[in-house]
Amino acid sequence: MNSKLDPMDLYDIRSELSEDEVMVKDSVGRYVDEKVIPLMRDAFEQHKFPRQLIGEAAELGLLGSSIDGYDCAGLNSVSYGLICQELERGDSGLRSFVSVQSSLVMFPIHTYGSEEQKQRWLPAMARGEAIGCFGLTEPHGGSDPSNMKTHAKRDGDDWILNGSKMWITNATIADAAIVWARTEEGVKGFIVEKGMSGFDTQEIENKFSLRASVTGALFFNNVRIPEANVLPGVSSLKGPLSCLTQARYGIAWGVIGAAQACLNEVLNYTQDRVLFGRPIANTQAIQIRMAEMSRQITAAQLMSLRLGRIKDKGQLSPTQVSLAKWNNCRAAIDIARDARDILGGAGISAEYVPIRHMLNLESVITYEGTETVHQLVVGKELTGVNAF
Ligand code: TGC
Ligand code: FAD
C-alpha cells in the first residue's frame, strides 16, 4: 500500500485517543488478528458460536468493561466503542455476544438491580462464568415493544411469568435471561434462571446471517420467579429502552470494524487482480468506489468518536445514538455489498471476508431498532411529531 496516511484511519482518529484508549484498541486488535479472525470463517460456515472466545474475552476485561467495580474494567465509553469496533472487524457474532453480555445484561443489573443481584451476577458475568441474554422482542413484532404480551402477576411473594420472546441472542447458552414483561405495576425486568420450571429455550437454526452467534426463542409457561429476581429499579419501558441505547452505541462503533475489514480486503485484492492489462486498482471506477468506502468509514469514525465523548460527559441523547446507528450500519452494509461486487465471483466465496460481513450486517441493520425505527426517532426529534 502506497498511502502515507493510514487507509483505515484517514483523519488520524488515533491521535484523538488517550493513551489508555490506544492501549485498549491495540490489545483488542491484536487479539482479534491472532485468535478471532482465524476461527471465524469456519465458525460461520459451521453455524457455531466459538465458545472458547468467551473466556478469552473475559480475561481481556471485555465483558461489562464500562462498569466500575464488581471485577469489571471500568473503562470509558470510547474504549467500549473501540472494543466493539475491533471485535466486529473479526465478526459481528462475537461483537454481538459482548454487546449483549455487557450492554443488555450487565448494564441493567448494574443500573436497576439490587446490591444482592449485582454481587451475585456481575463478577461471574465479567469472568464469563455466567452468560446472559436479553428478552424484549416478541414474535408478533419487535419494533413496537410497547405492545408486549409477555406478562407477570404477583402470587404471594413470587411472580408468575407467561409469554414468549423471539430472536434472542445467546438464548440457549444463557444462565440468566433478563426478561421484560408487562405487570400491573408497569414493565418490569425479571432475571429468569436456566432450569426454572416452565422456562424453555429453542435455537433458531438455518440462519443466513450471524451464523457464528447463537439466536433463539424463550418460552415461559407459569414460571415462578421470586421477588429477589425482579430488578427493583425500574417499572416502565424506559428500562429496556435505556439498555438499547447502550447497545446501539456499541453497534455504531462495531460496524466500522466490519466495513474496515471489507475495505482492507478490496485494497489488497485490486492490486493483484489484473484485467485488461492493468491491476483493477489502477482504474478510475475502482478507485472511486474505494474512495467512497473510505469517505463513509471516515464519517462514521468521526460520528462515533464525537458520540463517545458526549457519552463520557453524560450528555448523550438517544436520538444522537439513533442517528449514528442508522448512519454507520447503512455505511457498513453498503461498503460490504460493494466490496463483494469488486471481488467478482470470488466475492461469493467465504475465502474473502466481505460476503460474511455483508450477511451479518443484514442482522445488525435490523436488530437494536431497524433503519426505519431510527429514521423515525430522528424525524420525531426534528418535528416533535411521533410518526410511528
Ligand atoms: P416512548 O414513548 O418513545 O418511550 C417510552 C419511555 O422510554 C424512554 N426512551 C428511551 N430511554 C432511553 N433510551 C432510549 N432509546 C429511549 N427511547 C425511549 C422515553 O423517554 C420514555 O420515557 P418516559 O420517562 O417518558 O416514560 O416509547 P415508544 O413505545 O413510543 O417507542 C419508541 C420506539 C419505537 C423508538 C421504541 O419502541 C424502539 O426503540 N423500538 C425498537 C425496538 C428495538 O430496538 N428492539 C431491540 C431489541 S434488543 C436487540 O435487538 C438486541 S440485538 C443484540 C445483539 O446481538 O447485538
Ligand atoms: P418488525 O418490527 O415486524 O418490522 C418489520 C418491518 O416493518 C421492518 O422493516 C421495520 O422497519 C418496519 N416498520 C416497523 N415500524 C414501522 C413504521 N412505523 N413505519 C414503517 N415501517 C415500519 N431482540 C431481543 O430482544 N434480544 C436479542 O438479543 C435480539 N437479538 C437478535 C439477533 C438477531 C440475529 C436478530 C435478527 C434479531 C434480534 N433481536 C433481538 C430482535 C430484533 O431486535 C428485531 O428483529 C427488531 O427489533 C425488528 O423487529 P421484527 O423482527 O419483529 O420486525
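A.B. asks: Looking at this structure, how should I read the overall build of the chain?
C.D. replies: Of the regular secondary structure elements, the chain holds 10 helices and 11 strands. Taking 388 residues into account, the globule formula puts the C-alpha radius of gyration at 21 Å, and the chain, at 21 Å, falls close to it. Along the longest, intermediate and shortest principal axes, the C-alpha atoms of the chain span 80 × 45 × 40 Å. Counting only residues that meet the buried cut, the chain has 56% of its 388 residues in that class. In the chain, the share of contacts with a sequence separation of at least 24, taken over all contacts with a separation of at least 6, comes to 75%. Summing over all exposed atoms, the chain offers an accessible surface of approximately 17000 Å²; the carbon and sulfur share of this is 50%. In the chain, 39 positive and 47 negative side-chain charges are present, and the distance between their average locations comes to 4 Å.

A.B. asks: Can you help me understand the packing of aromatic side chains in this one?
C.D. replies: For any pair of aromatic rings, the description consists of the separation of the ring centres together with the inter-plane angle of the planes. Within the structure shown, the criterion is met by 6 aromatic pairs. Residues Tyr269 and Tyr352 carry aromatic rings whose centres are separated by 5.6 Å and whose planes lie at 85° to one another, so their mutual orientation is edge-to-face. In this pair, Tyr269 is assigned in helix α6 (residues 238–272) and Tyr352 in the loop between α8 (318–342) and α9 (354–364), connecting sequence segments 83 residues apart. Judged by its relative accessible area of 13%, Tyr269 is buried. Taking NZ or CZ as reference, Arg211 lies 5.8 Å from the ring centre of Phe44, over its face. One Lys or Arg, Lys311, reaches over the ring of Tyr249 and ends 5.2 Å from the middle of that ring.

A.B. asks: I'm lost on the site of ligand 2 in this one. Help?
C.D. replies: Taken together, the neighbourhood of ligand 2 is formed by 19 residues, with Thr137, Gly142, Ser143, Trp167 and Thr370 sitting nearest. Contact distances for ligand 2 include 2.6 Å between an oxygen atom and a backbone N or O atom of Gly142. Here ligand 2 loses 67% of its free accessible area of 980 Å² to cover by the protein chains. When contributions to the shell around ligand 2 are tallied by element, the ones reaching two or more residues are β5 (158–169) and α10 (371–383). The greatest single-element share of the shell around ligand 2, amounting to 3 residues, is contributed by β5. Counted by class, the shell around ligand 2 contains 8 nonpolar, 10 polar and 1 charged residues. Each of domain 2 (132–229) and domain 3 (238–383) gives at least three residues to the shell around ligand 2.

A.B. asks: Help me out: how do you make sense of the site of ligand 1 in this one?
C.D. replies: Taken together, 27 residues lie near ligand 1, and Ser96, Thr169, Thr245, Arg248 and Gly369 sit nearest. Side-chain polar atom of Tyr367 to an oxygen atom of ligand 1: 3.3 Å apart, as the coordinates give it. When the free accessible area of ligand 1 is taken as 1100 Å², the share hidden by the protein chains comes to 73%. Put simply, the parts of the chain that give the shell around ligand 1 at least two residues each are α4 (92–112), α6 and α10. No other element matches α6, which puts 6 residues into the shell around ligand 1. Of the residues contributing to the shell around ligand 1, the split by class is 12 nonpolar, 10 polar and 5 charged.

A.B. asks: Help me out: how do you make sense of the domain arrangement of the chain in this one?
C.D. replies: Bring the parts together and some accessible area is lost; that lost area is often taken as the interface size. Each assigned domain of the chain is listed with its residue range as follows: domain 1 (13–126), domain 2 (132–229) and domain 3 (238–383). Each side of the interface is counted separately: domain 2 has 10 residues, and domain 3 has 12 residues. Both faces combined, the contact of domain 2 with domain 3 buries some 770 Å², and carbon together with sulfur accounts for 73% of it. The tally of links from domain 2 across to domain 3 stands at 0 salt bridges. For the interface between domain 2 and domain 3, the tally reads 4 residue pairs in polar contact (both at pLDDT 80 or more). Its residues placed into classes, the side of domain 2 that touches domain 3 shows 7 nonpolar, 2 polar and 1 charged.

A.B. asks: So what exactly am I meant to see when it comes to the side chain of Gln296 here?
C.D. replies: Position of Gln296 relative to the elements: it lies in helix α7 (residues 284–312). Here the side chain of Gln296 touches Glu292 through a polar contact of 2.9 Å, side chain to side chain. Excluding residues that lie within four positions of it along the chain, Gln296 makes contacts with Ala331 and Ile335.

A.B. asks: Hey, could you run me through the pairing of strand β4 (residues 151–155) in this one?
C.D. replies: Strand direction decides the pairing type here: β4 and β5, joined by 5 bridges, are antiparallel. What sits directly across from His151, in β5, is Asn162.

A.B. asks: Honestly, α10 in this entry has me stumped. Any pointers?
C.D. replies: Spacing of three or four residues puts side chains on the same side of an α-helix, whose turn is 3.6 residues. Taking 1.5 Å as the rise per residue, α10 with 13 residues should run 18 Å; its terminal C-alpha atoms sit 18 Å apart, in good agreement. Buried within α10 are the following residues: Glu371, Val373, His374 and Val378. At its buried positions, α10 is contacted by α6 and α8. Just past α10, the residue Gly384 takes up positive phi, approximately 80°.

A.B. asks: Just to check I follow, could you spell out the environment of Asp9 for this structure?
C.D. replies: Among the structural elements, Asp9 can be located in the segment before α1 (19–45). Along the chain, Asp9 and Ser146 lie 137 residues apart, while their C-alpha atoms are 40 Å from each other. The contacts of Asp9, once residues within four sequence positions are left out, are Arg14 and Gln301. A polar side-chain atom of Asp9 sits 2.7 Å from the main-chain amide nitrogen of Ile13.

A.B. asks: So what exactly am I meant to see when it comes to unusual backbone geometry here?
C.D. replies: Apart from glycine, the bulk of residues carry a negative phi angle, and the bulk of peptide bonds sit in the trans form. Although it is not a glycine, Asn206 sits at a positive phi angle of roughly 60°. Mapped onto the elements, Asn206 comes out in the loop between β8 (199–203) and β9 (215–226). You will see that Glu368, though not glycine, has its phi angle at about 60°, which is positive. Mapped onto the elements, Glu368 comes out in the loop between α9 and α10.

Reading guide: rules and limits
- Here the residue numbering is sequential within each chain, running from 1 through the sequence in written order.
- The naming scheme follows written order: chains are lettered A onward, ligands numbered 1 onward.
- Only residues with pLDDT of at least 70 are given local features in this predicted model, and only at 80 or more are side-chain atom pairs given and counted; all residues enter the totals for whole chains, interfaces and linings.
- To get the side-chain values, take all heavy atoms of the structure and skip hydrogens and water.
- Helix and strand definitions here come from DSSP, where helices need a minimum of 4 consecutive H or I residues and strands a minimum of 2 consecutive E residues; each element is numbered from the N-terminal end.
- Here the globule rule is a power law, 2.2 Å times the number of residues to the power 0.38, and the radius of gyration is based on C-alpha atoms.
- Throughout this description, buried means an accessible area under 20% of the type-specific maximum (1.4 Å probe, protein chains only), exposed means over 50%, and partly exposed covers the range between.
- By definition, residues are in contact when any of their heavy atoms lie within 4.5 Å.
- Note on areas: Shrake-Rupley with a 1.4 Å probe; residue coverage comes only from the protein chains shown.
- Only four residue types enter the tally: Lys and Arg on the positive side, Asp and Glu on the negative side; His and the chain ends are excluded.
- Where a charge lies is defined by one atom per residue type: Lys uses NZ, Arg uses CZ, Asp uses CG and Glu uses CD.
- Two aromatic rings, drawn from Phe, Tyr or Trp (for Trp, its six-membered ring), form a pair once their centres lie within 6.5 Å of each other, and the interplanar angle then sorts them: stacked below 30 degrees, edge-to-face above 60, tilted otherwise.
- Look at NZ for Lys and CZ for Arg. If either is within 6 Å of the ring centre and within 35 degrees of the ring normal, a charge sits over the ring.
- The nearness test applies per residue and asks whether one of its heavy atoms lies within 4 Å of the molecule or strand.
- Whenever a nitrogen or oxygen atom comes within 3.5 Å of another N or O atom, the pair is scored as a polar contact, on the condition that within protein one atom can donate a hydrogen and the other can accept it, and that pairs from neighbouring residues in sequence are kept only if both atoms are in side chains.
- Each residue is assigned to one class: nonpolar for Ala, Val, Leu, Ile, Met, Phe, Trp, Tyr, Cys and Pro, charged for Asp, Glu, Lys and Arg, and polar for all the others, Gly among them.
- Domains are outlined according to an automatic or database domain assignment.
- Two parts placed together each lose some accessible area under a 1.4 Å probe, and adding up what both lose gives the buried area.
- Salt bridges are defined by distance alone: a side-chain nitrogen of Lys or Arg within 4 Å of a carboxyl oxygen of Asp or Glu.
- Paired strands are those between which DSSP finds at least two bridges.
- Multiplying 1.5 Å by the residue count of a helix minus one yields the expected span of that helix.

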